[in-house]
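# Understanding the architecture of this molecule
Take a look at the letters that make up each chain.
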Amino acid sequence: AAFVAEAERTVQSKAGLPPGITVQFKGVLEAQNAAHRELALHLLISLAGILALLSLVFHSSRNLLLVLANLPFALLGGVLAAFLTGGTLNLGALVGFVTLFGITTRNSIMLVSHAEHLVLQEGFAWSAATARRAAEERLVPILMTATVTSLALLPLALGARQPGREIEGPMAIVILGGLVSSTLLNLLLLPALIHRFGRFAERVEP
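Basis of the calculations
Residues numbered from 1 in each chain as written. Predicted model: local features only at pLDDT ≥ 70, side-chain atom pairs only at ≥ 80, totals over all residues. Heavy atoms only, no water. Patch = residues over 30% accessible without salt bridge, like charges linked within 9 Å, V, L, I, M, F, W, Y side chains within 5 Å. Areas by Shrake-Rupley, 256 points an atom, 1.4 Å probe, with all protein chains shown as cover. Salt bridge = Lys/Arg side-chain N within 4 Å of Asp/Glu carboxyl O. Helix = DSSP H or I, 4+ residues; strand = E, 2+ residues; numbered from the N terminus. Buried < 20%, exposed > 50% of the residue type's maximum accessible area, 1.4 Å probe, protein only. Phe/Tyr/Trp six-rings, centres within 6.5 Å; stacked < 30°, edge-to-face > 60°. Contact = heavy atoms within 4.5 Å.

## Notes on a nonpolar patch on the surface
- On the surface, Leu139, Val140, Leu143, Met144 and Val148 cluster together into a nonpolar patch covering about 430 Å² of accessible area.
- Assignment of secondary structure puts Leu143 in helix H7 (residues 139-158).
- The exposure class assigned to Leu143 is partly exposed, which follows from its relative accessible area of 36%.

This is the structure:
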């Protein structure tokens, strides 16, 4: 992208084209930009659908925001991993972010929904102890999801600079970095946020 931008500036300033003559740059960059636009459109549509479904499930804007609070946790690790390995956010990295957001959202749904289950179904009073219990009982499933995904992507991340891995390599790096940060913060910070801002109506016995 930087090369094409420099070439466009050079041609416009030095080519001396006559009136009515224009220059267009075609090739990989044009295809990449089109893929970025298409991915952004699909991401917005998917996000709208996800928000609608989660709203139907949780019936609470507070709890919905708690589920989405894990997205910045994942974004932090993904961006940091991309920066430390070269700072390139290409199409593969963007696809990695989409995949990462799906995985981390699932983990936060598991935690918030289990906290809700403890209060509504098992009759626990909502307290710091209940929030801690929800995190402890979802510790193994969340760690299993992160561990299995990380082990599967680790070979791709380690060979990210090999020819033919221009898409899979950055994707794996972003997912791995985001999984580390989101898993740690999901288990350490999110329970405190759930306790502070979560709203779960306790079960009323007839």
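## Things to note about the packing of aromatic side chains
- One pass over the full model with this rule turns up 1 aromatic pair.
- When the centroid spacing of 6.1 Å and the interplanar angle of 40 degrees are considered together, the rings of Phe97 and Phe101 count as tilted. Residue Phe97 and its partner Phe101 are both found in helix H5 (residues 91-120); the two are separated by 4 residues, about one turn of the helix.
- According to the relative accessible area criterion, Phe97 is buried, its value standing at 7%.
- For Phe101, a relative accessible area of 23% corresponds to the partly exposed category.

## Thoughts on the environment of Phe73
- Among the structural elements, Phe73 can be located in helix H4 (residues 70-84).
- Expressed as a C-alpha distance, the spacing of Phe73 and Ser181, which sit 108 residues apart in the sequence, is 6.0 Å.
- The residues touching Phe73, leaving out its near neighbours within four places in the chain, are Ser181, Ser182, Leu185, Asn186, Leu189 and Leu193.

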